[in-house]
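Listed here are the chains, written in short residue letters.
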Amino acid sequence: MQAPAYHDLLPRAERAGIYHMPFAADLALEEAAESLDYPLHRVDLARVATKEAFLAAVGEALGFPDWYGHNWDALADCLTDLSWMEADGYVIVLERADAFAQAAPTDFATALSIFQDAADTWREDGVPFWTLVGTTSGELDWLQDLA
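The structure contained in this document is the topic of the report that follows. (Residues numbered from 1 in each chain as written. Predicted model: local features only at pLDDT ≥ 70, side-chain atom pairs only at ≥ 80, totals over all residues. Heavy atoms only, no water.)

Looking at the pattern of salt bridges
- Under the criterion given, the structure shown has 5 salt bridges.
- One salt bridge connects Arg-12 with Glu-14, and the closest N-O pair in it is separated by 2.8 Å.
- Residue class for Arg-12 comes out partly exposed when judged on its relative accessible area of 36%.
- Since its relative accessible area comes to 52%, Glu-14 is described here as exposed.
- Across the salt bridge formed by Arg-123 and Asp-120, the nearest N and O atoms sit 2.7 Å from each other. Here Asp-120 and Arg-123 lie together in helix H6 (residues 105-124), a separation of 3 residues that amounts to about one turn.
- When salt bridges that share partners are traced, they join Glu-30, Arg-42 and Glu-95 into one network. (Salt bridge = Lys/Arg side-chain N within 4 Å of Asp/Glu carboxyl O. Buried < 20%, exposed > 50% of the residue type's maximum accessible area, 1.4 Å probe, protein only. Helix = DSSP H or I, 4+ residues; strand = E, 2+ residues; numbered from the N terminus.)

Re the nonpolar core
- Counting 36 residues, the largest nonpolar core has Phe-54, Leu-75, Leu-79, Leu-94, Phe-115 and Phe-129 as its most contacted members.
- Those elements that place two or more of their residues in this core are helix H3 (51-61), helix H4 (72-79), strand E3 (90-95), helix H5 (98-103), H6 and strand E4 (129-133).
- Ranked by residues supplied to this core, first place goes to H6 with 8 residues.
- Residue contacts for Phe-54: discarding those within four places in its chain leaves Leu-45, Val-48, Trp-72, Leu-75, Leu-94, Phe-100, Ala-111 and Phe-115.
- In this structure, Met-21, Ala-33, Leu-36 and Trp-130 belong to the second largest nonpolar core, which totals 15 residues. (Core = buried A, V, L, I, M, F, W, Y, C linked by side-chain atoms within 4.5 Å. Contact = heavy atoms within 4.5 Å.)

Quick notes on H6
- Here H6 contains 20 residues, and its C-alpha end-to-end distance of 29 Å stays within 8% of the 28 Å for a straight helix at 1.5 Å per residue.
- What H6 keeps buried is the set Phe-108, Ala-111, Leu-112, Ile-114, Phe-115, Ala-118, Ala-119 and Trp-122. End-on view of H6: buried residues confined to an arc of 155°, all on one side of the axis. The outward face of H6, more than 90 degrees from its buried face, is lined by the exposed residues Pro-105, Thr-106 and Glu-124. (Expected span 1.5 Å × (residues − 1). Arc of directions from axis to C-beta.)

A look at the packing of aromatic side chains
- In this structure the tally under the stated criterion is 8 aromatic pairs.
- An angle of 75° between the planes, with centres 6.4 Å apart, marks the rings of Phe-54 and Phe-115 as edge-to-face. Placement of the pair is Phe-54 in helix H3 and Phe-115 in helix H6, with a sequence separation of 61 residues.
- Under the relative-accessibility criterion, Phe-54 is labelled buried at 0%.
- Owing to a relative accessible area of 0%, Phe-115 belongs among the buried residues under this scheme.
- Geometrically, the ring pair formed by Phe-64 and Trp-84 is edge-to-face, given 5.6 Å between the ring centres and 80° between the ring planes. Of the two residues, Phe-64 sits in the loop between H3 and H4 while Trp-84 sits in the loop between H4 and E3, which places them 20 residues apart along the sequence.
- Its relative accessible area of 29% is what places Trp-84 among the partly exposed residues.
- Members of the aromatic cluster, each reached through a chain of ring pairs, are Phe-54, Trp-72, Phe-100, Phe-108 and Phe-115. (Phe/Tyr/Trp six-rings, centres within 6.5 Å; stacked < 30°, edge-to-face > 60°.)

Shown next, in the form of structure tokens:
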């Protein structure tokens with residue numbers, strides 16, 4: 001599959017949401033986000049197997065404030081606030097998500113639902129909020145490919 005033209009795609013809030021991205025380390029993605037002044041945060045999930053570890057990894061990667069409560073509600077609150085890093089758009093890459101998806105499929109689905117809800121909330125204000133789920137296997141084929 002050919003990588004999409006990120007510079008044209010990323011500003012489109014109506015398309016933003018959660019996508020499967022097997023090529024999550026794509027340099028073109030980083031260059032496009034940088035050119036648009038969108039913060040790009042990579043969350044390495046290779047060693048994440050629990051809800052607690054996931055919440056900690058996301059909080060650390062995105063620099064969540066001290067009030068972050070390390071629970072699903074606090075994750076949702078932080079993802080829909082982001083006042084500590086105001087921008088015209090956001091890109092979050094959940095790298096190597098296979099381990100978490102396999103170890104805790106219900107928590108993984110909950111997490112993706114929260115990220116999608118955040119994208120929907122940001123879309124109302126015309127702000128693109130992208131969550132790209134990088135995997136090494138095809139086991140997450142139910143996610144829509146970014147194309």
